[in-house]
Amino acid sequence: MRPDTPADHITEAERLLRTAAQYPEDDEPLFLQAAAHLELAGERARASTLYDELLGSAGTIEHPHLVKALKAANLWEYGHEAEARAIIDGIRAAGPLEAAPWEIAAETLEAHDELEAAHDFFSTALTLLIAPGEDVPYATQSLLIGRHRVRRLMGVTHDAWDELADALHTAAVPLDELHDPKRLWALGSSDPGELQAEITRLRAELGTYRSALSRPFPVAVLHWPEEELRELLTAYPELAQEYVSHADHLARLEAALRDLHATGTPNLGMVTGTVPSYEAFAASEAASPSDPDLLPQYATTLAARGRAVPWPPARSAACWCGSGRSYRECHGAG
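Residues numbered from 1 in each chain as written. Predicted model: local features only at pLDDT ≥ 70, side-chain atom pairs only at ≥ 80, totals over all residues. Heavy atoms only, no water.

Caption draft 1: Geometry of the side chain of Glu-254. The topology assignment puts Glu-254 in helix α14 (residues 246–262). Residue class for Glu-254 comes out buried when judged on its relative accessible area of 5%. At a separation of 2.5 Å, a polar atom in the side chain of Glu-254 contacts the side chain of Tyr-327. Residues within four places of Glu-254 in sequence aside, it is in contact with Trp-311, Trp-320, Tyr-327 and His-331. (Helix = DSSP H or I, 4+ residues; strand = E, 2+ residues; numbered from the N terminus. Buried < 20%, exposed > 50% of the residue type's maximum accessible area, 1.4 Å probe, protein only. Polar contact = N/O pair within 3.5 Å; in protein donor to acceptor, adjacent residues only side chain to side chain. Contact = heavy atoms within 4.5 Å.)

Caption draft 2: How the structure looks around the pairing of strand β2 (residues 268–272). Across the 5 residues of β2, 4 count as buried, placing the element largely inside the fold. Relative to β2, strand β1 (residues 219–223) runs parallel, the two sharing 5 bridges. Within β2, the position partnered with Leu-222 by the bridge is Val-271. As paired strands, β2 and strand β3 (residues 309–310) are joined by 2 bridges and run antiparallel to one another. By the bridge assignment, Met-270 is partnered in β3 with Val-309. (Pairing = 2+ DSSP bridges.)

Caption draft 3: Representation of helix α3 (residues 44–55) in the model. In this model α3 runs 16 Å from its N-terminal to its C-terminal C-alpha over 12 residues, within 8% of the 16 Å that 1.5 Å per residue would give. Listed in full, the buried residues belonging to α3 are Ala-47, Ser-48, Leu-50, Tyr-51 and Leu-54. Down the axis, α3 shows its buried residues gathered within 155° of arc, on one side only. Next to the buried residues of α3 lie α1 (6–22), α2 (27–40) and α4 (64–77). (Expected span 1.5 Å × (residues − 1). Arc of directions from axis to C-beta.)

Caption draft 4: Seen up close, the packing of aromatic side chains. Tallied over the full model, the rule gives 5 aromatic pairs. Centre to centre, the rings of Trp-224 and Tyr-298 are 6.1 Å apart; their planes meet at 25°, and the pair counts as stacked. In this pair, Trp-224 sits in the loop between β1 and α13 (226–235) while Tyr-298 sits in helix α16 (residues 294–304), placing the two residues 74 residues apart along the sequence. Aromatic side chains Phe-281 and Tyr-298 sit 5.7 Å apart centroid to centroid with 40° between the ring planes, which places their arrangement in the tilted category. Residue Phe-281 is located in helix α15 (residues 275–284), and its partner Tyr-298 is located in helix α16; the two are separated by 17 residues in the primary sequence. Just as Phe-281 is buried, Tyr-298 falls in that class too. (Phe/Tyr/Trp six-rings, centres within 6.5 Å; stacked < 30°, edge-to-face > 60°.)

Caption draft 5: Local environment of the packing of α15 against α16. In the contact formed by α15 and α16, the axes pass within 11 Å of each other and the chain directions differ by 105°. In terms of axis orientation, α15 runs roughly perpendicular to α16. Mapping the contact onto sequence places Ser-277, Tyr-278, Phe-281 and Ala-282 in α15 and Leu-294, Leu-295, Gln-297, Tyr-298, Thr-301 and Leu-302 in α16. Split into classes, the residues belonging to the contact of α15 with α16 amount to 7 nonpolar, 3 polar and no charged. (Axes fitted to C-alpha atoms, helices over the stretch in contact; angles between N-to-C directions. Parallel < 35°, antiparallel > 145°, perpendicular 65-115°, else oblique. Nonpolar A, V, L, I, M, F, W, Y, C, P; charged D, E, K, R; others polar.)

Caption draft 6: Structural view of the sheet that holds β1. Ordered by their spatial adjacency, 3 strands build an open sheet running β1-β2-β3, and the pairing between neighbours is mixed. Unpaired on one side and paired on the other, β1 and β3 mark the two borders of the sheet. Across the sheet, α14 is in contact with β1 and β2; its angle to β1 comes to roughly 170°. Each of β1 and β2 is contacted by α16, which is oriented at about 115° to β1, the strand it contacts most.

Caption draft 7: Region of interest: unusual backbone geometry. Here the bond from Trp-311 into Pro-312 is cis, since omega is 0°, no more than 30 degrees from zero. Among the structural elements, Pro-312 can be located in the segment after β3. Within the chain, Asp-113 stands out as a residue other than glycine whose phi angle is a positive 65°. Among the secondary structure elements, Asp-113 is positioned in the loop between α6 (99–111) and α7 (115–129). On the basis of relative accessibility, which here comes to 68%, the residue Asp-113 falls in the exposed class.

Take a look at the structure:
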């Protein structure tokens, strides 16, 4: 059941923290989920403690800038504006190559009527993360949408990025209507036509949110590094029918992702397996690691724990396969 009351959120946060104690390798995503529930319960100071605990192990967490952005958003909400601003400035200076910290920091500024600063954050992030002529990664599309919203609030005219946001938006109601600052006025109107139009817009917006929530983690494929695959097949030779060779494994992964992309599947990702993690997962499922049907379940579980890396990477970024070459030179060719 979805938590609805502060007590429900605290109970869920405590459950997640117990799970993190059982699976310390997954403590980062579990701590972040727990902190979100604590924020919803009004336990903001306790949520900050979780963020601090993660940041205290900065050498091991995978997304320190995301944790910092979430901490800043939380701090600002309970009166620590100066500290929140300092963290946000630090994120901008660091220039992380992932969309989420930029989006959270920009939306924090927007929520506190810092529209010009929010616009600057969105624009800086897009300049950093979108390469000319490349597809916009799924995780980065929300930056375009957020920037469009802020620019509508600022009353400025459309530019090329606004047009790209319009093109990527698939809901029935255009972004210009969804982001129209005058929408709030319609809520106080007694005109049935205006109220019906607002209901239609809200339904479209709700449909977009539901679509995003229905895919909370990427459609992920399972990648085995060469040494891990060799160890896997040595321990479980029954899986050799799934993996002809490591080179073939890499080629099939790239082909599968390209096929999914071609069919319009959004939010694609790659998860990397290890033999100990796979064996632990098999034990938790009371299944044999030699069962090939367990492999996609393992991939889905890793993705749900926040282990997925978005695909495709930028052409100039390091290839997902670990070759040390750029994606363009390696699997991104062609």
